[in-house]
Protein chains: 6
Amino acid sequence: MDVVKIGFVKLGNIGISRIADLLLDERADREDIEVRVLGTGAKMSPESAPDTARLLDWDPDVVMVLSPNAALPGPTKAREMVKEKGKPCIVISDAPAMKAKDKLKEDGFGYIIIPGDPMIGARREFLDPVEMSIFNVDVLSVLSITGVVKLVQDEIDRVIEEIKAGGEVKLPQIVATAEKAVARAGFSNPYAKAKAIAAYSMAEKVAELDVKGCFMMKDPEAYVPIVAAAHELIAEAAKLAKEAREIEKYTDSLVRMPHARKGDILKKTKLMEKPSA
Amino acid sequence: MDVVKIGFVKLGNIGISRIADLLLDERADREDIEVRVLGTGAKMSPESAPDTARLLDWDPDVVMVLSPNAALPGPTKAREMVKEKGKPCIVISDAPAMKAKDKLKEDGFGYIIIPGDPMIGARREFLDPVEMSIFNVDVLSVLSITGVVKLVQDEIDRVIEEIKAGGEVKLPQIVATAEKAVARAGFSNPYAKAKAIAAYSMAEKVAELDVKGCFMMKDPEAYVPIVAAAHELIAEAAKLAKEAREIEKYTDSLVRMPHARKGDILKKTKLMEKPSA
Amino acid sequence: MDVVKIGFVKLGNIGISRIADLLLDERADREDIEVRVLGTGAKMSPESAPDTARLLDWDPDVVMVLSPNAALPGPTKAREMVKEKGKPCIVISDAPAMKAKDKLKEDGFGYIIIPGDPMIGARREFLDPVEMSIFNVDVLSVLSITGVVKLVQDEIDRVIEEIKAGGEVKLPQIVATAEKAVARAGFSNPYAKAKAIAAYSMAEKVAELDVKGCFMMKDPEAYVPIVAAAHELIAEAAKLAKEAREIEKYTDSLVRMPHARKGDILKKTKLMEKPSA
Amino acid sequence: MDVVKIGFVKLGNIGISRIADLLLDERADREDIEVRVLGTGAKMSPESAPDTARLLDWDPDVVMVLSPNAALPGPTKAREMVKEKGKPCIVISDAPAMKAKDKLKEDGFGYIIIPGDPMIGARREFLDPVEMSIFNVDVLSVLSITGVVKLVQDEIDRVIEEIKAGGEVKLPQIVATAEKAVARAGFSNPYAKAKAIAAYSMAEKVAELDVKGCFMMKDPEAYVPIVAAAHELIAEAAKLAKEAREIEKYTDSLVRMPHARKGDILKKTKLMEKPSA
Amino acid sequence: MDVVKIGFVKLGNIGISRIADLLLDERADREDIEVRVLGTGAKMSPESAPDTARLLDWDPDVVMVLSPNAALPGPTKAREMVKEKGKPCIVISDAPAMKAKDKLKEDGFGYIIIPGDPMIGARREFLDPVEMSIFNVDVLSVLSITGVVKLVQDEIDRVIEEIKAGGEVKLPQIVATAEKAVARAGFSNPYAKAKAIAAYSMAEKVAELDVKGCFMMKDPEAYVPIVAAAHELIAEAAKLAKEAREIEKYTDSLVRMPHARKGDILKKTKLMEKPSA
Amino acid sequence: MDVVKIGFVKLGNIGISRIADLLLDERADREDIEVRVLGTGAKMSPESAPDTARLLDWDPDVVMVLSPNAALPGPTKAREMVKEKGKPCIVISDAPAMKAKDKLKEDGFGYIIIPGDPMIGARREFLDPVEMSIFNVDVLSVLSITGVVKLVQDEIDRVIEEIKAGGEVKLPQIVATAEKAVARAGFSNPYAKAKAIAAYSMAEKVAELDVKGCFMMKDPEAYVPIVAAAHELIAEAAKLAKEAREIEKYTDSLVRMPHARKGDILKKTKLMEKPSA
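Not measured: the values here are computed from a predicted model.

Enquirer: I'd love a proper account of the overall build of chain A, names of residues and values included.
Expert: Scanning chain A from N- to C-terminus turns up 8 helices and 6 strands. Overall, chain A shows an N-to-C arrangement of helices and strands of β-β-α-β-α-β-α-β-α-α-β-α-α-α. Taking 2.2 N^0.38 as the reference for a compact globule, 277 residues should give roughly 19 Å; the C-alpha atoms of chain A span a radius of gyration of 19 Å, in line with that estimate. A total of 277 residues make up chain A; the buried ones form 69% of that total. The long-range fraction of contacts in chain A, counting pairs at least 24 apart against all pairs at least 6 apart in sequence, stands at 70%. For chain A, the exposed surface amounts to about 8,600 Å²; the carbon and sulfur share of it is 53%. In chain A, 41 side chains carry a positive charge and 44 a negative one; their mean positions are 2 Å apart.

Printed below as a string of structure tokens:
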């Protein structure tokens, strides 16, 4: 197979959705893949899920279905449509998807569940488009630096290689905990790594606070401070994650793993050195 | 018209693409719109542009075409497909699109050109998926806080209202300079506003450095420090933008303008007050 | 009663223990109370608990028993000794004390349980006296600013007043959650309050990580990063708490509530104004 | 001698008092010592000093007497009571204790005088329990990181070893200046060390300002800004000290010297390595 | 008198020398004064002092003589030359000039002595041109924000006005302590003012450390850490001063007092308002 | 030639003027040079330029003429006076001097043009003496750390050596771009170098904004935010430059190149080592 066709279905939003489709080809020069995205904006109603068909018509070789809470009817419908077409399907979702984990495994879906990709503080008194955008920015900072972004890319790249090789395709079935994520990030400084774990843990706490503020409290006097606290917390998590990355720079130890044109992954550590296979 | 159907075509990537489709419905509860996204990942080749047809088949009421350098063949093809269908089309692009501005106006396209949405430091020795993701995070921080995100949302919302009203639709034709963007951000503190202008200006300088490092230099010894400097600079711009937003919090003056269910835009200033029309 | 005699028994250590005995008389000029402390250093074995007798011999009017996990035999023994003497007793402890809460209530003890006073990362590969000291510093920063310190002082002061009044003494029975603590801190800026809640929540997450790293993992390769992350996290929580306090300064709104000589609590807000009753 | 019994008498408060009794056994698992503390809260009147007897009844092998200004009658009385019992006694105090230094030496007392443990801004218009707690936090940050905490622990541990050995006990007689303290902190980075000296020097300046604001000025219009400045200064000193410690982390050079169960002091430098004797 | 001629003689360097000649005419459009500077670079030997004649030949109406330690022969010679010409002379110097204060008063010189303008860490192992430049930058940050720069400008402007009025000229005789300087800075926030006092106090401590490191220690092993600490300390002082200024911005309360063309001093507070007399 | 006489003529102000005369002799102990400065304060009118004669009378061996926009009549007059005396002359100026570059070369002048030495936000509604002083501080921070200060010193020192050697004197003809400046700064960490380039680039952007705000806009409502943004931007540039320098400290790699008494330049890297030739 010359070119692997990779489809992303995005139903509603989680942090990783904001970047997933770019991760495989950061400089837009990779010759061995083609990417298409079909999204439904902020909503993920069961009515919008069948639109997945628009992507399936393109005949992708593998499909990622990204959404909050993959246990809900919308994403369930979408991944079943992919399965019916006989395509490998990887579900990428957040903590509430843990409920669906066993069923996903049973049904042969791949999955990457990210407990550190927290829900937003979705209260009208608090959330507007700008606050929403910044929340996504902060979540994505944490995911990028603590290794989640790398883990997602690694796993999809591995699947692509397997598709190219033409043999069996082994889909990832991973709960991307702090430890698993950070292991992928390639920190050389152990304190940077500890800070990254802390940042990821903060993102988990954000999820807790936002769930509480959005679903378990009724009075705006009570829940506005909680969702505001959650957003302050993710902002701090983002700062701490960035600080972790900075530490790697201080000794010129920041690992970079760019894609080559043919899709193989290169590696370098010192900023002024060349990446190599 | 009960529900306005809004399409986003994303060809390749600019910073604003990462969030545009979520801006109209931050809490996913808006009843008057439906959103679909069709994207081509990192690449924007002329071959992928015709895929825009997949979105047009959905029969959207208005289509945004987002891409770097809207003057290139890919995005040109895409917007012409939209035009052929007789749909209003708004081009959203970055500084190099200035070349296409007069033609866009002439041909009746809407456009929002964002000089503060800089190209990335696209050098293999420097850019990997994680660095790419962080760059987008930093750009989006600047765009979110300095008013660009608000300007884009305002203009699309205005067009939606006009479509709902059934009269003439006036497409935006705007170069989103620092001054124009910041005017939308609603800063109450003039130093916060000054810092936001500074942050936006830094993003413009990033564009300059990355163009130089990617297109005008040949030796990695020379260009790696330049693209690295550009990424350090956008990180500082993001920090400064965030500091500007923090200042508004210090006097509880941060404006929030959430959407109501019917799509009208509410407003509030004090954190503990209710938003109102 | 002219002078109320207040006893503090400290068995082992929690963050609040480091400051509790000073909270009632910050300038050492209060005429209506006398304070004594009996402590057992870092250890809280059942063998050391009976030393509580040394404090009881002094015939205090009320006794605070501070320790980690008040459900353990040591602190249990100590508070029972206080009870046998017929003295009012307030247990001050951390999250694991939740197990003892119902029994404490039943037996008529007062209690203040502080889920945001996390256990330390007690691993030999990680913890030395300096790290221990800094951890306590960071925890105490969070407790001081987020309202826990104020809550503890308020409640003991209230009990003192009741003892002075000679009527019934109502002992506090409080789980000092983020919301309850922050309510005492008197923030005027709602974002400062949100940051304080976030800081307190981070301290709760520290507790989770340290319990995991100390009790649920066996391999130093695994647990050292976790306890190190916990300490990085509490350091960030301390920074965020301090930032919350700084915000109150920006509008000269930091509430100060000093004790007068007779023990009544004064209040002021602007730095240059006088406190008054 | 199997177990050395170590007593701490705390009369009034200085920064080091807040942590001294925990320094010898940071993980509460040391088998060769037993610790007891007797404190008098914020006050250090001569009337409370005789309470030292409660600790002496426990028959300690060595007693630390901690207080501000050891030249005052209260602490003088306390240490003389210890001496009468024939127990080795180490006075730990702040800058005003310099007046008593020669007499202490003459009378065979050990002493550790800490000029960088500043008095608080004890003005009713300024100081309340929360401000007091934060001041202690900041002082203790400086003492922990700049080597004072290590020096105090080292010296007491040395005395314990000598008591265990059964020979002569040589009490420390040290003025813990910036240079002497920092030498104990084990910095590997010379700039971290310079920052630590600077932080310690700032703490000395705090002492100057607070003495001026508390004893040499009469008008609140004049002294409130001075004591407020002193507290801002110690907050900066704490931040700088923490920055010094962070620098050691950047090259994974932070020395840790935990106690083993038997009380011997281990050492490690890299975070992921084991401590060893 | 239409135009007042103002001379600055700079012998060697102190921080305020770096900016003094620009303070009277920040936008270079003032019509009522003419300024000339005569400097001798880093050195202030008695041999270079007579060069003051070059400035006196210009026939200035008032002369400022700026130097470290005004008690030394060089600056003494220079000011006596000014006096001989019958010109009013204001000595501007640092802490060591306190020795000359009474004599200056007696001899009718004006003076502004600045204890917060510290000597540099003038050790060859430490100081190079870049470090020297940064030290001056940091000192000048402190002087600018804490009110020293304003005090110097105020006093010279007052003298200019008196010269223009043609009556008696009253030369300033001021020791610019923290309190006196800060009073000129016009802070509206009392915590900003407290931080400014703290920053100034830090600069005084820098002077102490540098005197010790340059004159009282002999071994590089001992003095290099001390002068390095002094430079770290002034860097922190500069940061804190800047933070104080930022606080004024948070409530849009930063006072600005520009010169009008005729030399009168205008005033404004809100950034967007006009300055007025 | 035993002692080289070096003259500095300062007409009006640019950032480098504030420090240039001290760069050759940071500890004021160099025996091979003598320095004199003649300045005209903030103004650089053609009428003040002839005052250059006062410096020329001193018979300097080389003269630096520092001013904004060296193409203007004032500085042109000054350098021609130097040339007429047959003295080597180096023009040091900012970006607008680029217009004069070819002519300078043709006429045999040396020059160092510094695009990163931006004009100030010279608007009466914005600029007062304190703001002016801080702007200079921030510019000088950038110039000091990014290598401009080193480049200027290097080049003058080279010319001094050539004058001492008695042969031909080759005057520098350099546009001190980010790359050229940073090359002189001797960074060992490539990220520190990238941050320095970013800081310098920010200073260039400041120049753009200030030119726009001072010369191209007419309404204070429009230009005050722009010049305020420019000053916020230079403050950020200064912070980033300082951060770059800090990074060098983290690995004890900060290069120091002090002058020896005879004027030769020594070098050291580790803080505790001796400089050597």
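Enquirer: Give me the sheet that holds strand E5 (residues 110-114) of chain F: which residues, what numbers.
Expert: Across the sheet, 12 strands lie side by side as E6(E)-E5(E)-E4(E)-E3(E)-E1(E)-E2(E)-E2(F)-E1(F)-E3(F)-E4(F)-E5(F)-E6(F); this open sheet has mixed pairing. Both outer strands of the open sheet, strand E6 (173-175) of chain E together with strand E6 (173-175) of chain F, are each paired with one neighbouring strand and no more. The average undirected angle you get between the axes of adjacent strands in this sheet is 15°. Of the strands in this sheet, strand E1 (4-10), strand E2 (33-39), strand E3 (62-66), strand E4 (89-94), E5 and E6 of chain F are in contact with helix H5 (residues 148-165) of chain F, which crosses E1(F) at around 140°.

Enquirer: Lay out the relation of the copies chain C and chain E in plain terms, naming residues and giving numbers.
Expert: Superposing chain C onto chain E requires a rotation of 120° together with a translation of 0.0 Å along the rotation axis, leaving an RMSD of 0.0 Å. Put plainly, the chains are arranged around a three-fold axis.

Enquirer: An account of the arrangement of the chains is needed here, citing residue identities and associated values.
Expert: Separating chain B from chain D is a minimum C-alpha gap of 19 Å, and the two share no contact. Chain C makes no contact with chain F; the smallest distance between any of their C-alpha atoms is 19 Å.

Enquirer: Let's hear about unusual backbone geometry: which residues, and what values?
Expert: Glycine aside, negative phi is the norm for most residues, and most peptide bonds take the trans geometry. Phi at A:Asp252 is positive, roughly 55°, even though this residue is not glycine. When you line up the elements, A:Asp252 lands in the segment after helix H8 (220-250). When its relative accessible area of 10% is taken as the criterion, A:Asp252 is described as buried. A positive phi is found at B:Ala28, a non-glycine position, where the angle reads about 60°. Residue position: B:Ala28 is located in the loop between strand E1 (4-10) and strand E2 (33-39).

Enquirer: Tell me about the sheet that holds strand E1 (residues 4-10) of chain D, and please be specific about residues and values.
Expert: The strand order across the open sheet built from 12 strands is E6(C)-E5(C)-E4(C)-E3(C)-E1(C)-E2(C)-E2(D)-E1(D)-E3(D)-E4(D)-E5(D)-E6(D), with neighbouring strands paired in mixed fashion. Pairing within the sheet leaves two strands with one partner each, and these edge strands are strand E6 (173-175) of chain C together with strand E6 (173-175) of chain D. Going from strand to strand, the sheet's axes swing by 15° on average, the running direction of each strand aside. Relative to E6(D), strand E5 (residues 110-114) of chain D runs parallel, the two sharing 3 bridges. When the bridges of E6(D) are listed, D:Ile113 appears paired with D:Val175.

Enquirer: Tell me about the interface of chain C and chain E, residues and numbers included.
Expert: The interface is formed by 9 residues belonging to chain C together with 8 residues belonging to chain E. Buried surface at the junction of chain C and chain E, summed over both partners, amounts to about 760 Å²; 63% is from carbon and sulfur atoms. Contact with chain E buries area across many residues of chain C, yet C:Lys249, C:Tyr250 and C:Leu271 alone supply 64% of it, more than any other trio. Seen at the junction of chain C and chain E, the total is 1 salt bridge. In this structure, C:Glu246 and E:Lys195 form a salt bridge, with 2.7 Å as the shortest nitrogen-oxygen distance. At the boundary of chain C with chain E, the tally comes to 4 residue pairs in polar contact (both at pLDDT 80 or more).

Enquirer: Got a sec to walk through the relation of the copies chain A and chain B? Specific residues and values, please.
Expert: The two copies are related by a screw motion: chain A maps onto chain B through a turn of 180° and a shift of 0.0 Å along the axis, at an RMSD of 0.0 Å. Here the two chains are linked by the operation of a two-fold rotation axis.

Enquirer: Now, about the confidence of the model for chain A: what can you tell me, with residues and values included?
Expert: Here chain A averages 97 in pLDDT, and 100% of its residues register 70 or above. Among the prediction metrics, the complex's ipTM stands at 0.97, with pTM recorded as 0.98.

Enquirer: Kindly report on the interface of chain A and chain B, identifying the contributing residues and their values.
Expert: Across the contact, 74 residues belong to chain A and 74 residues belong to chain B. Between chain A and chain B lies a buried interface of about 6,300 Å² when both sides are counted; carbon and sulfur atoms form 57% of it. Of all residues in chain A, A:Arg18, A:Lys43 and A:Arg124 give up the largest surface area on contact with chain B, accounting jointly for 12% of the area buried on that side. At the junction of chain A with chain B, the criterion picks out 14 salt bridges. Between B:Asp29 and A:Arg124 there is a salt bridge, and its shortest N-O distance comes to 3.2 Å.

Enquirer: Describe in detail helix H7 (residues 190-216) of chain A, supporting the description with residues and values.
Expert: Residue and element names in this part refer to chain A. Taking 1.5 Å per residue as the helical rise, H7 with its 27 residues ought to reach 39 Å, and the 38 Å between its terminal C-alpha atoms agrees with that figure. Most of H7 sits inside the fold, with 20 of its 27 residues counted as buried. Between the side-chain oxygen at the start of H7 and the backbone nitrogen of tyrosine 191 there is a gap of 2.7 Å, and the oxygen is on asparagine 189.

Enquirer: Hey, could you go over the environment of E:Met257 for me, with residue numbers and the actual values?
Expert: Within the fold, E:Met257 resides in the segment after helix H8 (220-250). For the pair E:Met257 and E:Ser276, spaced 19 residues apart in sequence, the C-alpha separation works out to 9.0 Å. When neighbours within four sequence positions are excluded, E:Met257 is seen to be in contact with E:Lys150, E:Ile265, E:Leu266, E:Lys267, F:Asp128 and F:Pro129.

Enquirer: Could you give an account of the packing of helix H7 (residues 190-216) of chain D against helix H8 (residues 220-250) of chain D, naming the residues involved and the relevant values?
Expert: Residue and element names in this part refer to chain D. With their axes 8 Å apart at the nearest point, H7 and H8 run at an angle of 165° to one another. Comparing the axis directions of H7 and H8 gives the class roughly antiparallel. Helix-helix and strand crossings are classified by hand; for H7 and H8 the assignment is left-handed. Looking at the contact of H7 with H8 residue by residue, the classes come out as 21 nonpolar, 2 polar and 6 charged.

Enquirer: Provide a residue-level description of the packing of aromatic side chains, including the pertinent values.
Expert: According to the stated counting rule, one finds 6 aromatic pairs over all chains in the structure shown. Members of the aromatic cluster, joined through ring pairs, are A:Tyr250, D:Tyr250 and F:Tyr250. Here the basic side chain of D:Arg79 rests over the ring of D:Phe109, its NZ or CZ set 5.7 Å away from the ring centre.

Enquirer: So what's going on with the pairing of strand E1 (residues 4-10) of chain C? Which residues, and what values?
Expert: All names here are of chain C. For E1, the buried fraction is high: 6 of the 7 residues fall into the buried class. The pairing of E1 with strand E3 (residues 62-66) spans 5 bridges and is classified as parallel. What sits directly across from isoleucine 6, in E3, is valine 62.

Enquirer: Requested: an account of the side chain of C:Arg256, with residues and values cited.
Expert: As for its position among the elements, C:Arg256 is in the segment after helix H8 (220-250). Among the polar contacts made by the side chain of C:Arg256, one reaches the main-chain carbonyl oxygen of D:Phe126 at a distance of 2.8 Å. If we ignore the near neighbours within four places in the chain, the residues touching C:Arg256 are C:Arg245, C:Leu266, C:Lys267, C:Lys268, C:Leu271, D:Glu125, D:Phe126, D:Asp128, D:Glu131 and E:Tyr191.

Enquirer: A description of empty space enclosed by the protein should follow, citing residues and the corresponding values.
Expert: Applying the stated criterion across every chain yields a total of 14 cavities of 30 Å³ or more. In this structure, the second largest cavity encloses a volume near 160 Å³. Along the wall of the second largest cavity there are 14 residues; nearest its centre are A:Val130, B:Ala185, B:Arg245, B:Leu254 and B:Val255. Looking at the lining of the second largest cavity, the elements with two or more residues in it are helix H4 (129-145), helix H6 (178-185) and helix H8 (220-250) of chain B.

Enquirer: Which residues make up the pattern of salt bridges, and what are the values?
Expert: Scanning the model with the defined rule gives 200 salt bridges over all chains in all. Linking C:Glu179 and A:Lys212 is a salt bridge whose minimum nitrogen-to-oxygen distance equals 2.9 Å. In this pair, C:Glu179 is assigned in helix H6 (residues 178-185) and A:Lys212 in helix H7, connecting two distinct chains. Notably, a salt bridge pairs C:Glu34 with C:Arg36, separated by 3.2 Å at the nearest N-O pair.

Enquirer: Could you give an account of the pairing of E1(D), with specific residues and numbers?
Expert: Of the strand pairs in this sheet, E1(D) and strand E2 (residues 33-39) of chain D are connected by 7 bridges, and their pairing is parallel. Of the residues in E2(D), the one forming a bridge with D:Val4 is D:Ile33.

Enquirer: How would you sum up the nonpolar core? Please name residues and give values.
Expert: Counting residues in hydrophobic clusters, the biggest one holds 480 residues, and the most contacted among them are A:Ile16, B:Ile16, C:Ile16, D:Ile16, E:Ile16 and F:Ile16. Dropping the residues within four chain positions of it, A:Ile16 is found in contact with A:Leu66, A:Ile92, A:Ile114, A:Asp117, A:Leu143, A:Val148, A:Val149 and A:Val152.

Rules of the game
- Residues numbered from 1 in each chain as written.
- Chains lettered and ligands numbered in written order.
- Predicted model: local features only at pLDDT ≥ 70, side-chain atom pairs only at ≥ 80, totals over all residues.
- Heavy atoms only, no water.
- Helix = DSSP H or I, 4+ residues; strand = E, 2+ residues; numbered from the N terminus.
- Rg over C-alpha atoms; globule rule 2.2 N^0.38 Å.
- Buried < 20%, exposed > 50% of the residue type's maximum accessible area, 1.4 Å probe, protein only.
- Contact = heavy atoms within 4.5 Å.
- Areas by Shrake-Rupley, 256 points an atom, 1.4 Å probe, with all protein chains shown as cover.
- Lys, Arg positive; Asp, Glu negative; His and termini not counted.
- Charge placed at Lys NZ, Arg CZ, Asp CG, Glu CD.
- Pairing = 2+ DSSP bridges.
- Axes fitted to C-alpha atoms, helices over the stretch in contact; angles between N-to-C directions.
- Least-squares fit on C-alpha atoms with pLDDT ≥ 70 in both.
- Buried area = accessible area lost by both parts, 1.4 Å probe.
- Salt bridge = Lys/Arg side-chain N within 4 Å of Asp/Glu carboxyl O.
- Polar contact = N/O pair within 3.5 Å; in protein donor to acceptor, adjacent residues only side chain to side chain.
- pLDDT = per-residue confidence, 0-100.
- Expected span 1.5 Å × (residues − 1).
- Parallel < 35°, antiparallel > 145°, perpendicular 65-115°, else oblique.
- Left-handed = near helix turned anticlockwise from the far one by under 90°.
- Nonpolar A, V, L, I, M, F, W, Y, C, P; charged D, E, K, R; others polar.
- Phe/Tyr/Trp six-rings, centres within 6.5 Å; stacked < 30°, edge-to-face > 60°.
- Lys NZ or Arg CZ within 6 Å of the ring centre and 35° of its normal.
- 1 Å grid on protein atoms, 1.4 Å probe; cavity = no way out; pocket = protein on both sides within 12 Å on 5 of 7 lines; lining within 4 Å.
- Points joined across faces, edges and corners; volume = space filled by probe spheres on them.
- Core = buried A, V, L, I, M, F, W, Y, C linked by side-chain atoms within 4.5 Å.

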